[in-house]
Amino acid sequence: MKTAQDKLDFYAARHAQQRQRAEDGQHPAAGFFASIYGHYVEESRDEIVLEERARSGEVLNVRFMGPRAESGRMPLRDLLDTVDPLERAMVHAAHKLRTGQVAAKKANEARSSLGLEFGGLEHGSTHVLILGDSREDTTGVNLFDVTAQRVFGLLLSEGEDFYAEVDAIGGQAVRHIGRMLEKTGQRDLTVAISWERPRQPLAWDGRSGEMDRVRRMIESVSEPERYEETLDGVVTELSASGTIMLDINGQRRKVRFPLKGVEQVRKLNPAMPARLRVSTARYFDVSLGRDVFEHTLIAAEP
């Protein structure tokens, strides 16, 4: 039996056979075996749903490794303390990506749109399956997909790219990711996160010092200076994931736009001049010894 469907077909046939035997009174234990096979049928159906959702890019696999997470088990408090910050990080990141603003309260609208659910545990260390909602909203944006991409972007980034991801998802989300890594390390665990979506699967492995590397980068970030300015240039690229590339006298500037502002961005066209009112964040990169600038769109004039 190679797939969940193969299992379902096998167990369903055995379930029907034992039920028939029980109804005919052929075997005293037939009812018991029918119940067992019925349980396997339900498990196989759940596996099919997970396989379908994985093919739709809706499953994140969070794998905890270490003595406290063996054989697909770990203490409940450890599980809650490590997974809860990840959920909060994704919710705050989604709110920032959608609105361009840091959430003042709980960001319940973003939480509802992400549709995050506990999908179960798998063995081999402890694999926690987190399900999301991959349906597009009325503007054609898949918020779960965009948010998950940015979370992986933060975990995998280095150098200046790190500040782009920090600014994209916001300080609250970044701090929650740092807290998840801190809580995981305190329990002598490491964590790996994978996303087996149909196109461009992503994975981050916190072993071999990766957890410490990301934590150090998060801890090095201070609150940036923010100010508004106007950028005049020629649009060279528009991305559905939320970025505009602008050529300003031969220099390329990347301007990120909130997903709720996709309608005004559609007025822009590549190779055409544009005036963009932006909010600029100036970070200081300690490792590079210089400032890093990130721009977020306020308003666009084609």
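Residues numbered from 1 in each chain as written. Predicted model: local features only at pLDDT ≥ 70, side-chain atom pairs only at ≥ 80, totals over all residues. Heavy atoms only, no water.

A short note on empty space enclosed by the protein
Under the definition given, this model contains 2 cavities of 30 Å³ or more. The volume enclosed by the largest cavity comes to roughly 70 Å³. Together, Lys96, Leu97, Gly100, Ala168, Ser241, Gly242, Arg256, Phe257, Pro258, Leu259 and Thr296 line the largest cavity. Across the lining of the largest cavity, the residue classes tally to 5 nonpolar, 4 polar and 2 charged. Of the voids in this model, the second largest cavity is the one considered here, and its volume is about 50 Å³. Looking at the second largest cavity, the residues that line it are Leu60, Leu86, Met90, Ala148, Val151, Phe152, Leu155 and Ile193. Going through the elements one at a time, helix 3 (76-99) and helix 5 (143-156) are the ones with two or more residues in the lining of the second largest cavity. When residues in the lining of the second largest cavity are grouped by element, the largest group, 4 residues, is from helix 5. (1 Å grid on protein atoms, 1.4 Å probe; cavity = no way out; pocket = protein on both sides within 12 Å on 5 of 7 lines; lining within 4 Å. Points joined across faces, edges and corners; volume = space filled by probe spheres on them. Nonpolar A, V, L, I, M, F, W, Y, C, P; charged D, E, K, R; others polar. Helix = DSSP H or I, 4+ residues; strand = E, 2+ residues; numbered from the N terminus.)

Observations concerning the sheet that holds strand 4 (residues 190-195)
Strands pair in a sheet through their backbones, by hydrogen bonds, and they do so in one of two ways: parallel or antiparallel. The sheet built from 5 strands is open, its strands ordered 2-3-1-4-5 with antiparallel pairing. Edge positions in the open sheet fall to strand 2 (117-122) and strand 5 (202-205), since each of these has one partner strand only. Shown here is a sheet whose adjacent strand axes are inclined to one another by a mean of 20°, direction ignored. Sheet topology places strand 4 next to strand 5; 4 bridges connect them, and they run antiparallel. For alanine 192, the partnering residue across the bridge sits in strand 5 and is aspartate 205. (Pairing = 2+ DSSP bridges. Axes fitted to C-alpha atoms, helices over the stretch in contact; angles between N-to-C directions.)

Comments concerning the sheet that holds strand 6 (residues 225-239)
The 5 strands lie next to each other as 6-7-8-10-9, forming a closed barrel whose pairing is mixed. Pairs of neighbouring strands in the sheet enclose a mean axial angle of 55°, with direction left out of account. Along the sheet, helix 6 (residues 160-169) makes contact with strand 6, strand 8 (251-256), strand 9 (273-285) and strand 10 (290-301), crossing strand 10 at roughly 40°. (Contact = heavy atoms within 4.5 Å.)

Re the side chain of arginine 256
As for its position among the elements, arginine 256 is in strand 8. A polar contact is formed between the side chain of arginine 256 and the side chain of threonine 296, at a distance of 3.2 Å. Not counting residues up to four positions away in its chain, the partners in contact with arginine 256 are Lys96, Arg150, Ala164, Asp167, Ala168, Gly242, Thr243, Glu294, His295, Thr296 and Leu297. (Polar contact = N/O pair within 3.5 Å; in protein donor to acceptor, adjacent residues only side chain to side chain.)

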